[in-house]
Structures are given as C-alpha cells and as structure tokens.
Amino acid sequence: MKPGWRSGDGARSARRLRTSEQLEIEELARGVNQGHGVKAPPTPDYLLADPQSYIIRHFDWERLSAATMRVEPGLWLVCLNKNHSKVRQRFSLAHEHWHILQNEAMAFQLDALDERRANHFAASLLMPSDWIFYFWEAYKGDLRRLCSRFKVSRQAMEVRLKELGLAVQGGSSIGRRADK
Ligand SMILES: [Zn+2]
C-alpha cells in the first residue's frame, strides 16, 4: 500500500458496533434513497458514488476489493477489483463511499470498527430494512430473487438477512430449496 492509499480490506475483529450507532447509520443510509425519491430496490448506482466527484477505475487485483485516493480537494479516485462480480463491486463502492463521507479515505490505519461501520452503511444503503422486510414477504424468502432485485451478492444478502433476524438456513432461505 502506497502512502496516500487506503486499502478496502480492513482487519477483522470480534468487536461489534453499538446498537444505537447501527441505527444511526441505518437512518443515514435510508435518507440517501429517500432524499432522491427512490422508493424501491435496487439502490441506483449513482447513489453509491457522486459522479461529479468520484473517478472510478477497475484493476486486475488478486484479492483487494477497493482502494481510495484523494486526487484533489473534492475529487476522489476509487479503484475497484474488476475480477469481482458487479454486485460485489457495488457493495465495495458503497463501502468506500462511507469512508469518503466520513473523511476517512486518507487515513492510513482504520480499525476494525471503522470497517464495520463502512460495511454496515453499505448494507443499509443497498438493503434498507423496510425494503428487505417487504420483499422477504413478497418473494417468500427466495434468496435468488432477493439478490437479483437488490443487486447484491448472495453473501451480502445472507449477512443482512441474518442481521435483521430473517434466518437463512443451509445457505438458502427457509422454506426454499438451495439454488445449488
Ligand atoms: Zn473500508
């Protein structure tokens, strides 16, 4: 990692965010969709990165998900892993968006909690809880349809469902066969 760059793969830790903080981040993310009059998934790409101030480039990386660098005040270079699926790149972009909004993108060392906040923001932005509850019912917990509707990876959806108390069993949602 070069000076001025911050990697998108943060350290893992068992420490968790406080519930109040989680709710605060949820509300912030909800406001982004609401503020743009978006009433149903998927969260549009233009809400994940301001086209005026973000330059997005793709790189052939082995495992790094994303990295962000400030080019000049108000202009950011966000690099994404082109080998990751489009839906995973959306999550990475939303994650980097949080760091930029928080002015953390130039910090050299973010701790595990910073990374959890960024992940929680990305999940909340792409999968607002009220939308998830609605479509969980509408699709009868069909994981594949949920992922395709919200434009997120299966992994991200599974984590989010679990977080919202909608149990996923054996890699598939309850009552449905696994799509493997
Ligand atoms: Zn991060």
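Everything discussed here concerns the structure shown above.
Because the structure is a prediction, the values reported are computed rather than measured. (Residues numbered from 1 in each chain as written. Predicted model: local features only at pLDDT ≥ 70, side-chain atom pairs only at ≥ 80, totals over all residues.)

A. Structural detail: the overall build of the protein. Tallying secondary structure elements over the protein gives six helices and six strands in all. Going from the N terminus to the C terminus, the protein shows its helices and strands as β-α-β-β-β-α-α-α-α-α-β-β. Split into buried and exposed, the 180 residues of the protein put 31% on the buried side. Of the contacts made within the protein by residues no fewer than 6 positions apart, 63% connect residues no fewer than 24 positions apart. (Helix = DSSP H or I, 4+ residues; strand = E, 2+ residues; numbered from the N terminus. Buried ≥ 20, exposed ≤ 12 C-beta atoms within 10 Å, placed from the backbone. Contact = placed C-beta atoms within 7 Å.)

B. Representation of the nonpolar core in the model. By size, the foremost hydrophobic cluster in this structure holds 30 residues, and its most contacted members are Ala94, Phe121, Ala122, Leu126 and Val152. Elements supplying a minimum of two residues to this core: helix 1 (19-35), strand 3 (66-72), strand 4 (75-81), helix 2 (86-101), helix 3 (112-126), helix 4 (129-138), helix 5 (143-150) and helix 6 (154-163). Here the element with the most residues in this core is helix 3; it accounts for six residues. When residues of this core are assigned to domains, at least three map to each of domain 1 (6-126) and domain 2 (128-180). Apart from residues no more than four positions distant in its own chain, Leu126 is found in contact with Thr43, Arg90, Phe91, Ala94, Phe150 and Val152. (Core = buried A, V, L, I, M, F, W, Y, C linked by C-beta atoms within 7 Å. Domains from an automatic or database assignment.)

C. Highlighting unusual backbone geometry. For the bond running from Pro41 to Pro42, omega is 5°, close enough to zero to count as cis. Among the secondary structure elements, Pro42 is positioned in the loop between helix 1 and strand 2 (54-59). Despite not being glycine, Lys140 shows a phi value in the positive range, around 50°. Assignment of secondary structure puts Lys140 in the loop between helix 4 and helix 5. The class of Lys140 is exposed, set by 12 C-beta atoms lying within 10 Å. Unlike most non-glycine residues, Lys151 shows phi in positive territory, near 55°. Residue placement: Lys151 occurs in the loop between helix 5 and helix 6.

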